[in-house]
Amino acid sequence: MRAIAQRRDLRAASRRYRIELVWTALFAAEIFAMIVWPGDMFEVPLLATLFVGMAWQASRRIEALRIAEDRAEERRSLLERQERFIHDASHELRTPVTIARGHLEVLAPDVADTAELDVALDELGRMDAIIGRLLVLATADQPDFLRIDEIELDHFLEDVFMRWSEVAPRAWRLGALATGRLSADPERLRAALDALLENAVKYTADHAAIELRSRYDGAGGVLIEVEDEGCGVPDAALHRIFDRFARADAARTRVAGGVGLGLAIVDAIAKGHGGRCTVERTDRGSVFALQLPGFASTAPPALVSPRRSVRA
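Numbers given for residues are sequential positions, taken from 1 along each chain in its written order. Only residues with pLDDT of at least 70 get local features here, since the model is predicted, and only at 80 or more are side-chain atom pairs given and counted; chain-wide, interface and lining totals rely on the full set of residues. Each side-chain value is derived from all of the structure's non-hydrogen atoms; neither hydrogens nor water enter the calculation.

Colleague: Even after reading the chapter, I still don't get the overall build of the protein, so can you show me in this structure?
Modeller: Helix and strand counts for the protein stand at seven helices and nine strands. Throughout this description, buried means an accessible area under 20% of the type-specific maximum (1.4 Å probe, protein chains only), exposed means over 50%, and partly exposed covers the range between. Counting over 312 residues, the protein shows a buried share of 34%. Pairs at least 24 residues apart make up 73% of the contacts formed inside the protein by residues separated by at least 6 positions. For the accessible areas, the method is Shrake-Rupley and the probe is 1.4 Å, while residue cover comes only from the protein chains on display. For the protein, the exposed area adds up to about 19,000 Å²; of that, 59% sits on carbon and sulfur atoms. Helix and strand assignments come from DSSP, with helices taken as H or I runs of at least 4 residues and strands as E runs of at least 2, each series counted from the N terminus. Residue contacts are defined here by distance: any two heavy atoms, one from each residue, within 4.5 Å place the two residues in contact.

Colleague: I would appreciate a short explanation of the sheet that holds strand 1 (residues 149–152) in the present structure.
Modeller: Backbone-to-backbone hydrogen bonds pair the strands of a sheet. The strands run either parallel or antiparallel. If DSSP finds at least two bridges between two strands, the strands pair. Reading across from one edge, 1-3-8 is the order of the three strands in this open sheet, with antiparallel pairing throughout. Each end of this open sheet is capped by a strand with a single partner; those strands are strand 1 and strand 8 (295–297). Taken pair by pair, the neighbouring strands of this sheet meet at an average axis angle of 20°, ignoring direction. Strand direction decides the pairing type here: strand 3 (residues 180–184) and strand 8, joined by three bridges, are antiparallel. Along strand 8, the bridge assignment pairs Gly-180 with Ser-297. Only the contacting stretch of a helix is used when fitting its axis, a line to C-alpha atoms as for every element, and angles between N-to-C directions run 0 to 180 degrees.

Colleague: How should the side chain of Thr-204 be read in this particular structure?
Modeller: The topology assignment puts Thr-204 in the loop between helix 5 (186–202) and strand 4 (209–216). Between N or O atoms, a polar contact is any pair within 3.5 Å; within protein, one atom must be a potential hydrogen donor and the other a potential acceptor, and residues adjacent in sequence are included only when both atoms are from side chains. A distance of 2.8 Å separates polar atoms of two side chains, one belonging to Thr-204 and the other to Arg-170. Polar side-chain contacts of Thr-204 include one of 3.3 Å to the backbone oxygen of Val-201. Filtering out sequence-adjacent residues up to four positions away, Thr-204 remains in contact with Arg-170, Ile-210, Asp-228, Glu-229 and Gly-230.

Colleague: What should I look at first to understand helix 7 (residues 262–272) in this one?
Modeller: Each α-helix winds once per 3.6 residues, and so residues spaced three or four apart point in a common direction. Of all eleven residues that make up helix 7, nine are buried, and the element is covered over most of its length. Of all the positions in helix 7, only Gly-262, Leu-263, Ala-264, Ile-265, Val-266, Asp-267, Ala-268, Ile-269 and Ala-270 are classed as buried. As for helix 7, its buried residues are in contact with helix 3 (115–138), helix 5, strand 6 (276–281) and strand 7 (286–293). Downstream of helix 7 by a residue or two, Gly-274 has a phi angle that is positive, lying close to 85°.

Colleague: What's the story with the confidence of the model for the protein in this structure? I'm lost.
Modeller: Interpretation of this model should avoid reading the predicted coordinates in detail wherever pLDDT is low. Of the residues in the protein, 66% reach a pLDDT of 70 or more, and the chain-wide mean stands at 76. Every residue is assigned a pLDDT by the predictor, reflecting its confidence on a scale from 0 to 100. Counting interchain partners and residues more than four positions distant, the pLDDT-below-50 stretch residues 250–257 has 13 contacts.

Colleague: Explain a negative patch on the surface to me, please; I cannot follow it from the model alone.
Modeller: Like charges are joined within 9 Å and nonpolar side chains (Val, Leu, Ile, Met, Phe, Trp, Tyr) within 5 Å, but only among residues with over 30% relative accessible area and no salt bridge; these make up the patches. Any carboxyl oxygen of Asp or Glu that lies within 4 Å of a side-chain nitrogen of Lys or Arg is treated as forming a salt bridge with it. Neither His nor the chain termini are counted; the positive set is Lys and Arg, and the negative set is Asp and Glu. To locate a charge, take NZ of a lysine, CZ of an arginine, CG of an aspartate or CD of a glutamate. A surface patch of like charges, here negative, comprises Asp-113, Glu-116, Asp-118 and Asp-122. Mapping Asp-118 onto the fold places it in helix 3.

Colleague: Help me understand the packing of helix 4 (residues 153–164) against helix 5, please; the structure alone is not making it clear to me.
Modeller: Describing two packed helices takes the angle between their axes plus the distance from one axis to the other. With their axes 11 Å apart at the nearest point, helix 4 and helix 5 run at an angle of 40° to one another. Taken together, the axes of helix 4 and helix 5 lie oblique to each other. Seen from above, helix 4 lies across helix 5 with right-handed handedness. Only Pro-186, Leu-189, Arg-190, Leu-193, Asp-194, Leu-197, Glu-198 and Val-201 of helix 5 make contact with helix 4, whose side of the interface consists of Phe-156, Leu-157, Asp-159, Val-160, Arg-163 and Trp-164. Note on residue categories: nonpolar means Ala, Val, Leu, Ile, Met, Phe, Trp, Tyr, Cys or Pro, charged means Asp, Glu, Lys or Arg, and polar means any other residue, Gly included. Grouping the constituent residues of the contact of helix 4 with helix 5 by class yields nine nonpolar, no polar and five charged. Comment on the angle field: the value is read as roughly parallel under 35 degrees, roughly antiparallel over 145, roughly perpendicular from 65 to 115, and oblique elsewhere. For any pair of crossing helices, the crossing counts as left-handed if the nearer helix is rotated counterclockwise from the farther one by less than a right angle, and right-handed if it is rotated clockwise.

As structure tokens, then:
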């Protein structure tokens, strides 16, 4: 539908452009005639041309205003329908999962062998996580997707680092941190960093290094980087790794590789802040970088926090 509307607008703009060229040519011809052949013989056609041109311009403005109002109304209606769908989908999808999980948890004490029960509970948890991520992506274009606040970035990253350093047996390193305040949504930013660190854990072996760091870009922005000593990103996947449902290695199991929504969420959150997420291959793995604007540095670039390491 959007492509059809764009083609229709393009055709209408092309017609308006051709009409403007015709009227401009006529007006130029009248002016040229009055200069070359002065007299009263061209005054009436000239006035008529000017009057017609002014009337046509006025009608164009009215039509443009009507089109703009129609588009605004269509967008408002679309946003309302999208909000209703998100609310309904959240309720209709999550309610059965919650009910099923509750019944299984009630049955657990009476079951001798809970292996199959654990599998079912794990799958329900996975479904709930997928639903949550789909809803995040569905709301990415909503006006209230972000709730901007001021974040002390170095303390914020230290908190994220300490939580993840206890999750998986990796050689966790907290690198240099830029000190200052970042205008961002703390919950969305935390979700993006969680997705990047989760991705690093998935694609690294036990005791491989994962480093979280940040640096001021010197132009009012900040780079938050996650570097890992994993298998790296294949060249064929670099251009699509942030697409929805894309996975760097399709051969990985769905338990290890997920469904390909984590990096798409990172990309949506970065773009919502006016930034972007990039990935770069290294000799030892890969580096994912969140580039975000709205950072006010409070220390010269040379003054950085010392590196800390946590081995799990």
